[in-house]
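# Report on the structure
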Amino acid sequence: MPEKILLVQVAACGYNFLMHNTGGRELYHHLAVKPIQALFPALTCVVQASLRTAALPRSHGIVGNGFFFREEWKPLFWEQSSRLIQGPRIWEGFRSRGGKVALMFIQQSLGPDSDLFLSPAPVHKHHGGMILDCISEPPELNHRLRQALGRVFPLHHYWGPLASKKSSQWITRALMAVMEGESPDFLYAYLPHLDYALQKYGPTAQESRKAFHELDSLLGSLLPAARKGKYRVILFGDYPILEARGVVFPNKALRKAGFFKTRDIGGRLYPNYHTSAAFGIADHQIAHIQLFEPGKLQEVRDVLEKLPGVDKVLDRTAMAEVGLDHPRSGELVLVASPGYWFDYRWWDERKEAPDFAGHVDIHNKPGYDPCELFWGWPPPSISQNPSRIKGTHGRVDHHEPVFYATDLELPHEPGSIIELAESIRELLDSR
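What this report covers is the structure whose coordinates are included nearby. (Residues numbered from 1 in each chain as written. Predicted model: local features only at pLDDT ≥ 70, side-chain atom pairs only at ≥ 80, totals over all residues. Heavy atoms only, no water.)

### With respect to the nonpolar core
Of all hydrophobic cores here, the largest spans 146 residues; its most connected members are Met104, Phe105, Leu145, Phe186 and Leu235. Ignoring anything within four residues of it in the chain, the contact list for phenylalanine 186 reads Ile5, Leu7, Trp91, Phe94, Lys100, Val101, Ala102, Ile424 and Leu428. (Core = buried A, V, L, I, M, F, W, Y, C linked by side-chain atoms within 4.5 Å. Buried < 20%, exposed > 50% of the residue type's maximum accessible area, 1.4 Å probe, protein only. Contact = heavy atoms within 4.5 Å.)

And the structure:
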């Protein structure tokens, strides 16, 4: 019987960062390391969807970590249904012949496109607070792991001011338990915590180096357990995080120009998409500009391309050139200049901030908010100071590749994340 495969996505680990922190070694945990081209846009959900489909966003439809849902007429982030991803998965032929596929801590994994899945799914209580839990298929998998690991998944360490290595530690132990117990033939998993340090402190900080050594230690436990379970291993980095030096506020500019409208509720400014002409969905170094009045496209573009820190403004033609021409994309897409990133805020005074601005609220905020990694004042509020962010990602520069490392002989040498996905599909189809 062919050996099983463990695919691990190492969040935020670029090739140059890996080489710097390993002394340039060609082997990492006995795996041959190679650079490959990053995927645009270099965002978590985009990379994971492309890895599963060997396709660009124009085909699978995941154009960011969040996007505008026209049926709801509002942006939503981190939605988890696997049905949001369009197109066949790279393992469909493999599964049809009896291969068992598992997804652990992968975005948009809830649904029928795998045999096993495990993902965080807290229950928000009616009077505040939440019950920490995961959702799994089969349901007993979640219960078994809670017993085997002695605790529920530490969600507060997966995101927010307490984000830390404890999330990756739990996931590593869970992976080892699943390889030994359920023993899927193809297991795709995600280790998150390096990403937190890099965004908070930047790629050259001592804290980021420490987080890398923590990750290195976890892989030092995981990979021998994988080999013991007769798994071959593929590691890959999803995007490099580079130094953040400046912030761009597209929604402040749109509001000032009269294109973005708000509702004043007790002095707090909430978005009013229904009467706005345009709105920016900020996502690290990418921002999708939803245009609700098409006749104002050039006026909106004129406002945005003048903002310091905006490198490119992509229209539909330019989106087609980079594979982002999907109906879910905005009518315009902003790409930040190196060192800059996009913040979702539209208010100027703190007293105008919506209530959700001071909380970890990843599903309701109409944009990605890395400030959730820091405490604000008074606790338990989170910071509302974007200048604290020291690392960012999203744009793609050819001198900043990502990496893959494996002990497998792939059907062909991949030069990009898409080609890595194609190689894995060919490998699975041959089994």
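After presenting the structure, the write-up continues.
### What about the state of the cysteines?
A full pass over the atoms with the stated rule returns zero disulfides. No disulfide involves cysteine 13; its nearest neighbouring cysteine sulfur is the one of cysteine 45, lying 19 Å away. The exposure class of cysteine 13 is buried, given its relative accessible area of 1%. Cysteine cysteine 371 remains unbridged, with the sulfur of cysteine 45 as its closest cysteine sulfur at 19 Å. (Disulfide = S-S within 2.5 Å.)

### Overview of the side chain of serine 119
Relative to the elements of secondary structure, serine 119 occurs in strand β7 (residues 116-120). Given a relative accessible area of 3%, serine 119 falls into the buried group. Leaving out residues up to four positions away in the same chain, serine 119 has contacts with Gln80, Ser109, Leu110, Cys134 and Ile135. (Helix = DSSP H or I, 4+ residues; strand = E, 2+ residues; numbered from the N terminus.)

### Digging into the packing of helix α1 (residues 15-22) against helix α8 (residues 206-228)
Following both chains from N to C, one finds α1 and α8 inclined at 85°, their axes separated by 11 Å at the closest point. In this view, α1 runs roughly perpendicular relative to α8, as classed from their interaxial angle. Only Ser208, Arg209, Phe212 and His213 of α8 make contact with α1, whose side of the interface consists of Phe17, Leu18, His20, Asn21 and Thr22. Each residue belonging to the contact of α1 with α8 can be placed in one class, and the counts come to three nonpolar, five polar and one charged. (Axes fitted to C-alpha atoms, helices over the stretch in contact; angles between N-to-C directions. Parallel < 35°, antiparallel > 145°, perpendicular 65-115°, else oblique. Nonpolar A, V, L, I, M, F, W, Y, C, P; charged D, E, K, R; others polar.)

### With respect to unusual backbone geometry
Residues apart from glycine generally show negative phi values, whereas peptide bonds are mostly found in trans. Of note, the bond from phenylalanine 40 into proline 41 is cis; its omega dihedral lies within 30 degrees of zero at -10°. Positionally, proline 41 belongs in the loop between β3 (31-36) and α2 (44-53). Note the cis peptide between tryptophan 377 and proline 378, where omega equals 0°. With respect to the helices, strands and loops of the structure, proline 378 is situated in the loop between β21 (340-342) and β22 (391-392). Phi at histidine 29 takes a positive value of approximately 50°, unusual for a residue other than glycine. As for its position among the elements, histidine 29 is in the loop between β2 (27-28) and β3. Residues other than glycine seldom take positive phi values, yet tryptophan 78 does so here, at roughly 60°. Relative to the helices and strands, tryptophan 78 resides in the loop between β5 (74-77) and α4 (92-96).

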